[in-house]
Amino acid sequence: MDISRFDETVLGRLTPDPLQFAFTGKTTAHAGRGGRPILDPGQQQAMFTGLLAGEPEPGRARCLYLHIPFCRVRCTFCSFFQYAASPAWIDNYLQQLWREMEAKAATHWAQAAPFDAVYVGGGTPTDMTAAQIAELGRRLRQLFPLRADCEITLEGRLNGFNDDKYEAALNSGFNRFSFGVQSFDSQVRRAAKRLDEREAVLERLSQLSRGNQAPIIVDLLFGLPFQDEACWQRDIADFLDSGAHGVDLYQLIEMQGTPMARLVGQGKQPPPAATPLKARLYGYGAQALEAAGLQRLSSCHWARDSRERSRYNALAKTCADVLPLGAGAGGVINGVSVMQQRELQAYQTACEAGEWPLAMMMAPAPHFRRDGLLKSAFDKGLLDGRHWRQQGQPELFDILRPLLSIWHERGLLTLSAEQAELTLAGRFWNVNLAQGALQALSPAHAASMPPAHFQPKENNHVTH
Ligand SMILES: C[S@@+](CC[C@H](N)C(=O)[O-])C[C@H]1O[C@@H](n2cnc3c(N)ncnc32)[C@H](O)[C@@H]1O
Ligand code: SF4
């Protein structure tokens, strides 16, 4: 590998403080390379039908991602928002969703092997009624073969998630809950249009966590307007006091067109944190969680104990297949990426016509298996040459070694004979590093990015 071709956007800067200054900003939400888009709708339908008539690849993990595109109120920072929740719309949507689930569950591919993880995300799935949550859980388990220890996550928020909904979810098979909290601070919450004040959020979170029926996971954002270092330290302390079983720390990504961008542009809110402050917030959060004994599962996810496995998030970042269900869901089968129709009308029309509700498809990127291994390694913070050899990539570590040596010098990782472990700074910049590695491996041209909305959800996310 000739690293003289690369500048600081790939190599990072040599600086005494790589956490804050190795790069100027996050280059992309998720690392990745897209394949060739398949634009013709007829070809999309035929190709997807072919995939679902075929055999799953033996040994490859399989997930279901099901999208509920409704929220009662739009948060100012969020670019996932699709539709305001109205009982009639949700009810009508679920009728279409049942059709789509039945059609997909009837395929050979869906029945040929059990699924390892199911993620019901949004939007705000917890805005469904208790009866709808129960019906969804029941249908998922009835229609699709799930492993006995399949992780079945329900995402949403604590506001309105009463005991009836919780019981309905548990009784219908959900065994993991992921709640967006973002910040506990009432001023930050109000500015972001989050529902409930700090005390109400903490009270409900502690109650559910104490119940100890299933892992309760919390998403926190860092870099929101009004969220300074003291506020973030209280956020981390509040999470630790709540007793919740796991936490994601997500860097705020500023998206054009969000209410937050407008409010900041009009001078009605202070701007969100600049990158060096975000880096310090991340550094504080990661170190405080680990000092409190939490186990790091990835660069942005920590678990209090072994009951939190975060299986969906870990699998969706590798080459696992993800079967998408619902309007706006993304997935991938045999390396073919799929994005479903986001518009409810288009989604409904397709379901009623007995068609797959596809919006976009991309043929497998060259080397999608190798890229999956790399992305999941950077996300985890450990690049392991021996593991890559076992996974059919015997030379990958040695090919990357010149780049890894530079990153070692720049404080982003520590390099040994067959392993590279990201430092705290490297973990903060892990998406830049993963994207840099992919770019370095494509000699002829820079890694081309799929559009951000076209990537399978990893908790967003998109995933994140
Ligand atoms: C799609 S949301 C769904 C969760 C739920 N509806 C809620 O109220 O938070 C999943 C997660 O995406 C993250 N997220 C949303 N907007 C983001 C942004 N602009 N930058 C980074 N993460 C974001 C939040 O942490 C959120 O919990
Ligand atoms: S953060 Fe959650 S509740 Fe808020 S708009 Fe986004 S998806 Fe909806």
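Computed from a predicted model, the values in this text were never measured in an experiment.

1. Focus on the overall build of the protein
Part 1 of the reasoning: Per the secondary structure count, the protein includes 19 helices and 18 strands.
Part 2 of the reasoning: In summary, the protein has a C-alpha radius of gyration of 22 Å against a globular reference of 23 Å for 464 residues, a match within 12%.
Part 3 of the reasoning: Each principal axis of the C-alpha distribution contributes one length, and for the protein these read about 55 × 50 × 45 Å.
Part 4 of the reasoning: Per-residue burial for the protein yields a buried fraction of 58% across its 464 residues.

2. A closer look at the site of ligand 1
Part 1 of the reasoning: If you check the shell around ligand 1, you find 20 residues, and the closest are Gly 123, Gln 182, Arg 194, Asp 219 and Ile 253.
Part 2 of the reasoning: At a separation of 3.2 Å, a nitrogen atom of ligand 1 approaches a polar side-chain atom of Thr 124.
Part 3 of the reasoning: In the complex, the protein chains occlude 96% of the 560 Å² of accessible area that ligand 1 would expose alone.
Part 4 of the reasoning: At the level of elements, β6 (146–156), β7 (176–182), β8 (216–222) and β9 (246–251) are the ones that each hand at least two residues to the shell around ligand 1.

3. A look at the packing of aromatic side chains
Part 1 of the reasoning: Summed over all chains, the structure comprises 23 aromatic pairs.
Part 2 of the reasoning: An angle of 40 degrees between the planes, with centres 5.5 Å apart, marks the rings of Tyr 93 and Tyr 347 as tilted. Of this pair, Tyr 93 sits in helix α4 (residues 87–105) while Tyr 347 sits in helix α14 (residues 344–352); the two residues are 254 residues apart in sequence, bridging distant segments of the chain.
Part 3 of the reasoning: Judged by its relative accessible area of 3%, Tyr 93 falls in the buried class.
Part 4 of the reasoning: Given a relative accessible area of 1%, Tyr 347 falls into the buried group.
Part 5 of the reasoning: Measuring from centroid to centroid gives 5.0 Å for Tyr 119 and Tyr 312, while their planes differ by 35 degrees, and the two rings are tilted.

4. Re the site of ligand 2
Part 1 of the reasoning: Taken together, Cys 71, Arg 74, Cys 75, Phe 77, Cys 78, Phe 81, Gly 123, Thr 124, Arg 157 and Arg 194 are the residues near ligand 2.
Part 2 of the reasoning: Here the shell around ligand 2 is composed, by residue class, of five nonpolar, two polar and three charged.

5. Examining the pairing of strand β18 (residues 419–422)
Part 1 of the reasoning: Burial of the side chains of β18 is restricted to one face: Ala 420 and Leu 422 are buried, whereas none of Gln 419 and Glu 421 on the reverse face is.
Part 2 of the reasoning: Two strands pair when backbone bridges link them, and strand β16 (residues 382–384) and β18 are joined in this way by three bridges, in the antiparallel orientation. Counterpart to Leu 383 in the pairing with β18 is Ala 420.
Part 3 of the reasoning: Pairing between strand β17 (residues 413–415) and β18: three bridges, direction antiparallel.

6. Quick word on the sheet that holds β17
Part 1 of the reasoning: Pairing within the open sheet is antiparallel, and its three strands lie in the order β16-β18-β17. Of all strands in the sheet, those bounded by a partner on one side alone are β16 and β17. For this sheet the average axis-to-axis angle between neighbouring strands, irrespective of direction, equals 10 degrees.
Part 2 of the reasoning: In the packing of helix α17 (residues 396–409) onto the sheet, the strands contacted are β16, β17 and β18, and the crossing angle to β17 comes to about 125 degrees.

7. Brief notes about the pattern of salt bridges
Part 1 of the reasoning: Summed over all chains, the structure comprises 27 salt bridges.
Part 2 of the reasoning: With a shortest N-O distance of 2.7 Å, Asp 116 and Arg 147 are connected by a salt bridge. Of this pair, Asp 116 sits in strand β5 (residues 115–122) while Arg 147 sits in strand β6, and the two are 31 residues apart along the sequence.
Part 3 of the reasoning: Residue Arg 147 is classed as partly exposed on the basis of its relative accessible area of 37%.
Part 4 of the reasoning: Sharing partners across several salt bridges, the network here consists of Glu 57, Arg 60, Asp 321 and Arg 369.

8. Section: unusual backbone geometry
Part 1 of the reasoning: For the bond from Gly 122 to Gly 123, the omega torsion is 20 degrees, close enough to zero to count as cis.
Part 2 of the reasoning: Checked against the element boundaries, Gly 123 lands in the loop between β5 and α6 (130–143).
Part 3 of the reasoning: Phi at Lys 193 is positive, roughly 60 degrees, even though this residue is not glycine.
Part 4 of the reasoning: As for its position among the elements, Lys 193 is in the loop between α8 (186–191) and α9 (198–211).
Part 5 of the reasoning: With a phi close to 65 degrees, His 367 is a non-glycine residue in the positive phi region.
Part 6 of the reasoning: Topologically, His 367 is positioned in the loop between β15 (358–362) and α15 (368–380).

9. Quick notes on the domain arrangement of the protein
Part 1 of the reasoning: One can read the domain layout of the protein as domain 1 (3–33 + 367–451) and domain 2 (37–316).
Part 2 of the reasoning: Computed over C-alpha atoms, the centres of domain 1 and domain 2 are 27 Å apart.
Part 3 of the reasoning: Of the residues lining the interface, 19 residues belong to domain 1; the matching set on domain 2 comes to 19 residues.
Part 4 of the reasoning: Both sides of the domain 1 and domain 2 interface together cover about 1,500 Å² of buried area, and 56% of this is carbon and sulfur.
Part 5 of the reasoning: Area buried by domain 1 at its contact with domain 2 is led by Gln 20, Arg 427 and Phe 428, which between them contribute 39% of it.
Part 6 of the reasoning: The tally of links from domain 1 across to domain 2 stands at one salt bridge.
Part 7 of the reasoning: Between Glu 57 and Arg 369 there is a salt bridge, and its shortest N-O distance comes to 2.8 Å.
Part 8 of the reasoning: Remark: the boundary between domain 1 and domain 2 carries three residue pairs in polar contact (both at pLDDT 80 or more).

Each value, and the rule that gives it
- Residues numbered from 1 in each chain as written.
- Chains lettered and ligands numbered in written order.
- Predicted model: local features only at pLDDT ≥ 70, side-chain atom pairs only at ≥ 80, totals over all residues.
- Heavy atoms only, no water.
- Helix = DSSP H or I, 4+ residues; strand = E, 2+ residues; numbered from the N terminus.
- Rg over C-alpha atoms; globule rule 2.2 N^0.38 Å.
- Buried < 20%, exposed > 50% of the residue type's maximum accessible area, 1.4 Å probe, protein only.
- Near = heavy atom within 4 Å.
- Polar contact = N/O pair within 3.5 Å; in protein donor to acceptor, adjacent residues only side chain to side chain.
- Areas by Shrake-Rupley, 256 points an atom, 1.4 Å probe, with all protein chains shown as cover.
- Phe/Tyr/Trp six-rings, centres within 6.5 Å; stacked < 30°, edge-to-face > 60°.
- Nonpolar A, V, L, I, M, F, W, Y, C, P; charged D, E, K, R; others polar.
- Pairing = 2+ DSSP bridges.
- Axes fitted to C-alpha atoms, helices over the stretch in contact; angles between N-to-C directions.
- Contact = heavy atoms within 4.5 Å.
- Salt bridge = Lys/Arg side-chain N within 4 Å of Asp/Glu carboxyl O.
- Domains from an automatic or database assignment.
- Buried area = accessible area lost by both parts, 1.4 Å probe.

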